[in-house]
Amino acid sequence: MTKKGKGADRYWNPVVETLAPQALRELQLKKFKRIVKWAYERSKFHRGLYQAAGLRPGDIRSFEDVAKVPKVEKAMMRDIQRKDPFPYGDALCVPLEEVTEFRQTSGTTGLPVYQPDTWQDWEWWSEAWAYLLYAQGYRRTDRVFIPFGYNIFVAFWAGHYAAEKIGCEVVPGGVLDTEARVLKIQELKATAMMATPTYVLGMADTAKKKLGIDPARDLTIKKITCAGEPGASIPSTKQRMQEAWGAKVYDHVGATEIGAWGFECTAQPGGLHVNEALFLTQLEDIETGELIEEPGRKGKIVITALDRMAQPCIRFDSKDVAEWAAAPCPCGRTFRLLKGGVAGRADDITKIKGVLVAPSAIEEVVRSIRGLSNEFEIVVTKKGDLDDITLKIELLPEAEGTRDLILVQLKDQLRLKTNLGYNIEVHPFGSLPRYEVKAKRFKDLRKLA
Ligand SMILES: [Zn+2]
């Protein structure tokens, strides 16, 4: 009989996932010093940045010293890649011939950022995803369907390899159209899936309307891992997905420049664990930059990938906003929790009529009201000196009879949850734009006016 440690089958890495917080901090500091030294010695960009700040790797001795290391932003990465060596630029820390993976960011605005990884980095990518998939209950018995062509974007490649690493059977569902993907899931009795929230909902709609298949009743998907949008951390959107598929839906956060740094576990604690074995995730006050350690105070997420070597990600300003949860997670992991996941991009959280609003708060309200379709659009404009906010929604055909009641409920909830009044436009069912992968539902037209 083999002797298994406590929780050996509950955690991907039972040792680090249950380390005492102090031991985790020590591990992070050790790795942080190593990656800063590595970047300083090998990348012209990092050495220049640190020298300009009067910083040498030996200056980092304690956790407090981490804040002395200058932050890096996406815009800086775009400038870097105009330099040699082509096409990545001078943040590269390894000879070009050691790079085995090319990926690029998938954002819809601005130039994409290229991302080089070595084979060792690639192992690290799938390791980070293995933590998250295992925490979401993926095991050797799962047959995982991925309904995307992965192309030059990293997320589902890493999900694919990590699922294999765990021992799952993986079905790559690219090239097929949505109907063919649904039929493939049915044919193969797939048990798990990875997709964006927009696509999870869109696929269920297509299955019902075009194929007469009710995913919750007729398909065998039991867990869905979401990526790319915050939907799986927005309670009402999560509930819609879970009901449509009869499955547990879990969130995860990551970025091409950083890695897969946060995940929800099967306890569904209303938040995301940060992977503290592979990343150093810090929250900083949006205005003062002060480090936030206490729960309940929102801050900007600044992240270091502690083991990513080809193009290091050190104190990357993610522009995402979050807050620490007060209580530890019942799953037993000591990795800290971000309450409610990532609240939104600092860039998207905007002042409307003098009130701070995150588009995700409006999504939470719309998706919580029965009788409204999954689609909506928010348009902010300026009328004279005043902000004007319009919310476009669709009523489900079967809800026409209770239209007035639904609109009253919607207006009340919006005022309660966001402190704003809206112009509500009801559009015919099926007329608002449908999105394939990532949705663009928030349009701020004030700057154009
Ligand atoms: Zn947990």
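Note that the structure is a prediction, hence the values are computed from the model and not measured.

Cut-offs applied
Residues numbered from 1 in each chain as written. Predicted model: local features only at pLDDT ≥ 70, side-chain atom pairs only at ≥ 80, totals over all residues. Heavy atoms only, no water. Buried < 20%, exposed > 50% of the residue type's maximum accessible area, 1.4 Å probe, protein only. Helix = DSSP H or I, 4+ residues; strand = E, 2+ residues; numbered from the N terminus. Pairing = 2+ DSSP bridges. Axes fitted to C-alpha atoms, helices over the stretch in contact; angles between N-to-C directions. Phe/Tyr/Trp six-rings, centres within 6.5 Å; stacked < 30°, edge-to-face > 60°. Lys NZ or Arg CZ within 6 Å of the ring centre and 35° of its normal.

## Concerning the pairing of strand E2 (residues 114–118)
Then step 1. With four of five residues buried, E2 is to be regarded as a mostly interior element.
Then step 2. Across five bridges, the pairing between strand E1 (residues 99–104) and E2 is antiparallel. What sits directly across from valine 99, in E2, is threonine 118.

## A word on the sheet that holds strand E21 (residues 423–427)
Then step 1. In space, the four strands of this open sheet follow the order E21-E20-E19-E22, with mixed pairing throughout. Bordering the open sheet on either side are E21 and strand E22 (442–444), each of which pairs with just one other strand. Strand-to-strand twist across the sheet, computed as the mean angle between neighbouring axes with direction ignored, equals 15°.
Then step 2. Pairing of strand E20 (residues 386–395) with E21 involves five bridges; the strand directions are parallel. Its bridge partner being in E21, isoleucine 393 is matched across the sheet by valine 426.

## What to know about the pairing of strand E14 (residues 316–322)
Then step 1. Within E14, six of the seven residues are buried, which leaves the element mostly enclosed by the surrounding structure.
Then step 2. Both strand E13 (residues 299–305) and E14 contribute to a ladder of four bridges, which runs antiparallel. Looking at E14, one finds that valine 302 is bridged to aspartate 317.

## Thoughts on the packing of aromatic side chains
Then step 1. According to the stated counting rule, one finds ten aromatic pairs in the structure shown.
Then step 2. Centroid distance tryptophan 124 to phenylalanine 279: 5.6 Å. Interplanar angle 55°. Geometry classified as tilted. Taken together, the positions of tryptophan 124 in helix H4 (residues 119–135) and phenylalanine 279 in strand E11 (residues 279–284) put the pair 155 residues apart, joining distant regions of the chain. Side by side, tryptophan 124 and phenylalanine 279 carry an identical accessibility label, which is buried.
Then step 3. Judged by centre distance (5.1 Å) and plane angle (75°), the rings of tyrosine 150 and tryptophan 157 are edge-to-face.
Then step 4. These aromatic residues form a ring-pair network of at least three members: Tyr88, Phe102 and Tyr114.
Then step 5. The aromatic ring of tryptophan 122 is capped on one face by arginine 103, whose charged end is 4.9 Å from the ring centroid.
Then step 6. Arginine 139 extends its terminal NZ or CZ atom over the ring of tyrosine 134, reaching a point 3.5 Å from the ring centre.

None of the figures reported here should be taken as evidence of function without further support.
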